[in-house]
Amino acid sequence: MMEAPQYVAARVQQAMAEDGRTHELGIRVDVRGDQVFLRGEVSGAEQRERLGEVAREAAPELHVHNEIKIVQVSEPGEDEHLD
């Protein structure tokens, strides 16, 4: 019996918020069938990787797609360059 998607999403979100490696609140978790999509923005590649790991540990039976974007945090006063 599969858990309801909203429960899986909540569990993954809670894991990312509470895990000492991540402490990340701003990530959206979408569950579709056996797929989990992580979406949001973080300031570094390491954090992005850690979030993927935490999500996989929280939902080992599901397929995690890490679609989190890495945004460069610019210093105040710097011009932002958009791609």
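Refer to the structure above for everything that follows.
The text that follows walks through the structure, step by step, so that each part is easy to find.

### Quick word on the sheet that holds strand β1 (residues 28-32)
Thought 1: Taken in spatial order, the three strands make up an open sheet running β1-β2-β4, and their pairing is mixed. Each edge of the open sheet is held by one strand with a lone partner, namely β1 and β4 (63-66). With strand direction ignored, the average angle separating the axes of adjacent strands in the sheet is 20 degrees.
Thought 2: As defined by bridge partners, strand β2 (residues 35-39) adjoins β4 across four bridges and the pair is classed as parallel. Counted as the bridge partner of Phe 37 is His 65 from β4.
Thought 3: Packed on one face of the sheet, helix α1 (residues 5-18) meets β1 and β2 and runs near 150 degrees to β1.
Thought 4: Helix-sheet contacts for helix α2 (residues 45-58) involve β2 and β4, and the interaxial angle to β4 is about 165 degrees.

### Some points on the packing of α1 against α2
Thought 1: At their nearest, the axes of α1 and α2 sit 9 Å apart, and the two run at 135 degrees to each other. Comparing the axis directions of α1 and α2 gives the class oblique. Between α1 and α2 lies a crossing of right-handed hand. Side by side, α1 and α2 meet where Arg 11, Val 12, Ala 15 and Met 16 of the first sit next to Leu 51, Val 54, Ala 55 and Ala 58 of the second.
Thought 2: Among the residues making up the contact of α1 with α2, the classes are represented as seven nonpolar, no polar and one charged.

### Observations concerning the pairing of β2
The side chains of a regular strand alternate between both faces of the sheet.
Thought 1: Relative to β2, β1 runs antiparallel, the two sharing five bridges. Its bridge partner being in β2, Arg 28 is matched across the sheet by Arg 39.
Thought 2: Following β1, the chain reverses through two residues before pairing antiparallel with β2; Gly 33 in that reversal takes a positive phi of roughly 60 degrees.

### Description of the environment of Gly 52
Thought 1: Within the secondary structure, Gly 52 is located in helix α2.
Thought 2: Of the residues examined, Gly 52 reaches a relative accessible area of 0% and is grouped as buried.
Thought 3: Taking the C-alpha atoms as reference points, Gly 52 and Thr 22, separated by 30 residues in sequence, lie 9.9 Å from one another.
Thought 4: Discounting chain neighbours no more than four positions away, the residues touching Gly 52 are Leu 38, Val 64 and Asn 66.

The rules behind the values
- Residues numbered from 1 in each chain as written.
- Predicted model: local features only at pLDDT ≥ 70, side-chain atom pairs only at ≥ 80, totals over all residues.
- Heavy atoms only, no water.
- Pairing = 2+ DSSP bridges.
- Helix = DSSP H or I, 4+ residues; strand = E, 2+ residues; numbered from the N terminus.
- Axes fitted to C-alpha atoms, helices over the stretch in contact; angles between N-to-C directions.
- Contact = heavy atoms within 4.5 Å.
- Parallel < 35°, antiparallel > 145°, perpendicular 65-115°, else oblique.
- Left-handed = near helix turned anticlockwise from the far one by under 90°.
- Nonpolar A, V, L, I, M, F, W, Y, C, P; charged D, E, K, R; others polar.
- Buried < 20%, exposed > 50% of the residue type's maximum accessible area, 1.4 Å probe, protein only.

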